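Letter by letter, the chains look like this.
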Amino acid sequence: MFELKWTIEAEAVYLELENRAETAFKNRKKHKQKKSSKIEGLFKQVYKTLQLLKTNPRHPGLHTHEYDSIEHPFDPKQKIFEAYVQNHTPSAYRIFWCYGPAQKQITIIAITSHP
C-alpha cells in the first residue's frame, strides 16, 4: 500500500471538491432529495480513484499511463502518470501523479478536468 503525498495545488482542489460535496449533501438532505448532485458524484469518483492508487497504481480501471507535459517535482528524469477519474465524459477529470519522494509514496500533482 502506498502513502499519498500532495502538492499544495492538488490538495487545495481536493479539499474544495470535498467541501462542495459536503455542502451539496447537506442541502440535499435539508430539502429531502434522494438523488446525489453532480459534485457529490464527482467527489466520490475522485475519492475512489485515490483509494485505487493507494492500493494498486496499475489497476486496470485507472487507465494509468505516462504523461510528459508536466515536469516531475523531485527528479526530472522520472515519469509522471495520468489516472482516469472519469471516462467517456465531457471534461472528464484526471489525476496526475508520480512515485516518490520516498519509497511506497505517491505524490498527487494535480486533480483537474481534461481539456
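Residues numbered from 1 in each chain as written. Predicted model: local features only at pLDDT ≥ 70, side-chain atom pairs only at ≥ 80, totals over all residues. Heavy atoms only, no water.

Asks: It is not clear to me how the environment of isoleucine 111 should be interpreted in this structure. Could you clarify?
Replies: Examined against the element boundaries, isoleucine 111 turns out to sit in strand E5 (residues 105-113). Along the chain, isoleucine 111 and aspartate 75 lie 36 residues apart, while their C-alpha atoms are 20 Å from each other. Apart from the residues lying within four places of it in its own chain, the contact partners of isoleucine 111 are Trp6, Ala10, Val13, Tyr14, Leu17, Val46, Tyr93, Arg94 and Ile95. (Helix = DSSP H or I, 4+ residues; strand = E, 2+ residues; numbered from the N terminus. Contact = heavy atoms within 4.5 Å.)

Asks: Can you walk me through the packing of helix H1 (residues 8-30) against helix H2 (residues 38-55) in this structure?
Replies: A pair of packed helices is characterised by two quantities: the angle between their axes and the separation of those axes. Taken N-terminus to C-terminus, the directions of H1 and H2 make an angle of 135°; their axes are 8 Å apart at the nearest point. If you check the angle between H1 and H2, you find them oblique. H1 and H2 meet at a crossing whose hand is left-handed. Residues Tyr14, Leu17, Glu18, Arg20, Ala21, Ala24, Phe25 and Arg28 of H1 lie in contact with H2, whose contacting residues are Ile39, Glu40, Leu42, Phe43, Val46, Tyr47 and Leu50. Across the contact of H1 with H2, the residue classes break down as 11 nonpolar, no polar and 4 charged. (Axes fitted to C-alpha atoms, helices over the stretch in contact; angles between N-to-C directions. Parallel < 35°, antiparallel > 145°, perpendicular 65-115°, else oblique. Left-handed = near helix turned anticlockwise from the far one by under 90°. Nonpolar A, V, L, I, M, F, W, Y, C, P; charged D, E, K, R; others polar.)

Asks: Got a minute to help me understand H1 in this structure?
Replies: Note on helix geometry: an α-helix contains 3.6 residues per turn, so any two residues three or four positions apart are oriented the same way. Taking 1.5 Å of rise per residue, 23 residues should cover 33 Å, and H1 covers 33 Å from first to last C-alpha, within 8% of that figure. The complete set of buried residues in H1 reads Ala10, Tyr14, Leu17, Ala21, Ala24 and Arg28. In the core, the buried residues of H1 are packed alongside strand E1 (3-6), H2 and E5. The first or second residue beyond H1 is lysine 32, which carries a positive phi of 55°. (Expected span 1.5 Å × (residues − 1). Buried < 20%, exposed > 50% of the residue type's maximum accessible area, 1.4 Å probe, protein only.)

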